[in-house]
Amino acid sequence: MPAKLTFPPVVPGSGQETRCPVRDVLDCIGDRWSLLTLLALADGTLRFTEVKRAIGDISQRMLAQTLRALERDGYVTREVHASVPPRVEYTLTVLGESLLTKVTPLIHWANENHGQVRKARKAYVPPQAAPAL
């Protein structure tokens, strides 16, 4: 049996969220677009428009923000080539590749179980609110 996972408790509003590795790392990669962006870069270096095309339904602004955050945290490198217009390419770093190996089983799980999740959502009936006193 694997060791129990632990994370340090954080007092709400204390500003100590970065002391918890789970919160700190998932803050960047736990959003809607980061894993899809990393997945798009899994096969190699891509230009901005190629990443956008691979994802499809992401705006340019959101992709730029996502790539900046992934670069900031060391998952992606950005290389600007001196040309007219400038050519910008994005590549996974060793850290990014390492992360992708860990989340790939989650991606496979999502693909395999998507139908069941959608079915559960459709069947879900939220509890009724308690009557006001």
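Use the structure listed above.
Our subject in this report is the structure included herewith. (Residues numbered from 1 in each chain as written. Predicted model: local features only at pLDDT ≥ 70, side-chain atom pairs only at ≥ 80, totals over all residues. Heavy atoms only, no water.)

## Some remarks on the overall build of the protein chain
Per the secondary structure count, the protein chain includes 5 helices and 3 strands. Mapped from its N terminus to its C terminus, the protein chain presents α and β elements in the order α-α-β-α-α-β-β-α. Its C-alpha atoms give the protein chain a radius of gyration of 19 Å, more than 25% over the compact-globule value 14 Å for 133 residues. For the protein chain, the spread of C-alpha atoms along the three principal axes comes to 70 × 40 × 35 Å. Once local pairs closer than 6 in sequence are excluded, the contacts in the protein chain between residues at least 24 apart make up 41%. Taken as a whole, the protein chain presents about 10300 Å² of accessible surface, with 58% of it coming from carbon and sulfur. Within the protein chain, the 13 negative side-chain charges are centred at a point lying 8 Å from the centre of the 17 positive side-chain charges. (Helix = DSSP H or I, 4+ residues; strand = E, 2+ residues; numbered from the N terminus. Rg over C-alpha atoms; globule rule 2.2 N^0.38 Å. Contact = heavy atoms within 4.5 Å. Areas by Shrake-Rupley, 256 points an atom, 1.4 Å probe, with all protein chains shown as cover. Lys, Arg positive; Asp, Glu negative; His and termini not counted. Charge placed at Lys NZ, Arg CZ, Asp CG, Glu CD.)

## Digging into the nonpolar core
In this structure, Leu 38, Leu 41, Tyr 75 and Val 76 are the most contacted members of the largest nonpolar core, which totals 24 residues. Looking at this core, the elements with two or more residues in it are α1 (21-29), α2 (34-40), α3 (48-55), α4 (60-72), β3 (87-92) and α5 (94-123). Excluding residues that lie within four positions of it along the chain, Leu 41 makes contacts with Leu 46, Val 51, Leu 67, Val 76, Tyr 90 and Leu 92. (Core = buried A, V, L, I, M, F, W, Y, C linked by side-chain atoms within 4.5 Å. Buried < 20%, exposed > 50% of the residue type's maximum accessible area, 1.4 Å probe, protein only.)

## Here's the deal with the sheet that holds strand β2 (residues 76-81)
Reading across the sheet, the 3 strands line up as β1-β3-β2 and stay open at both edges, with antiparallel pairing between neighbours. Edge positions in the open sheet fall to β1 (46-47) and β2, since each of these has one partner strand only. Bridge count between β2 and β3: 6 bridges; the pairing is antiparallel. Paired with His 81 across the bridge in β3 is Arg 87. (Pairing = 2+ DSSP bridges.)

## Description of the pattern of salt bridges
Here the structure, examined in full by the defined rule, presents 1 salt bridge. Residues Arg 72 and Asp 73 are paired through a salt bridge, measuring 2.7 Å at the closest nitrogen-oxygen approach. (Salt bridge = Lys/Arg side-chain N within 4 Å of Asp/Glu carboxyl O.)

## Some remarks on the packing of α3 against α4
The relative placement of two packed helices comes down to the angle between their axes together with the axis-to-axis distance. At a closest axis distance of 11 Å, the pairing of α3 and α4 adopts a crossing angle of 110°. One way to sum up the angle between α3 and α4 is to call them roughly perpendicular. In the packing of α3 onto α4, the handedness of the crossing is right-handed. The residues of α4 that touch α3, namely those facing Phe 48, Val 51, Lys 52 and Ile 55, are Gln 60, Leu 63, Ala 64 and Leu 67. By residue class, the composition of the contact of α3 with α4 is 6 nonpolar, 1 polar and 1 charged. (Axes fitted to C-alpha atoms, helices over the stretch in contact; angles between N-to-C directions. Parallel < 35°, antiparallel > 145°, perpendicular 65-115°, else oblique. Left-handed = near helix turned anticlockwise from the far one by under 90°. Nonpolar A, V, L, I, M, F, W, Y, C, P; charged D, E, K, R; others polar.)

## Overview of α5
Its 30 residues place the ends of α5 42 Å apart at the C-alpha level, agreeing with the 44 Å of an ideal helix rising 1.5 Å per residue. Its axis deflected by about 60° at Asn 113, α5 carries its strongest bend there. Every buried residue of α5 is accounted for by Gly 96, Leu 99, Leu 100, Val 103, Ile 107 and Asn 113. At its buried positions, α5 is contacted by α1, α2 and β3. At the N-terminal end of α5, a side-chain oxygen is found 3.3 Å from the backbone nitrogen of Leu 95, two or three residues along, and the residue is Thr 93. (Expected span 1.5 Å × (residues − 1). Bend = angle between axes of the 7 residues up to and from the residue. Polar contact = N/O pair within 3.5 Å; in protein donor to acceptor, adjacent residues only side chain to side chain.)

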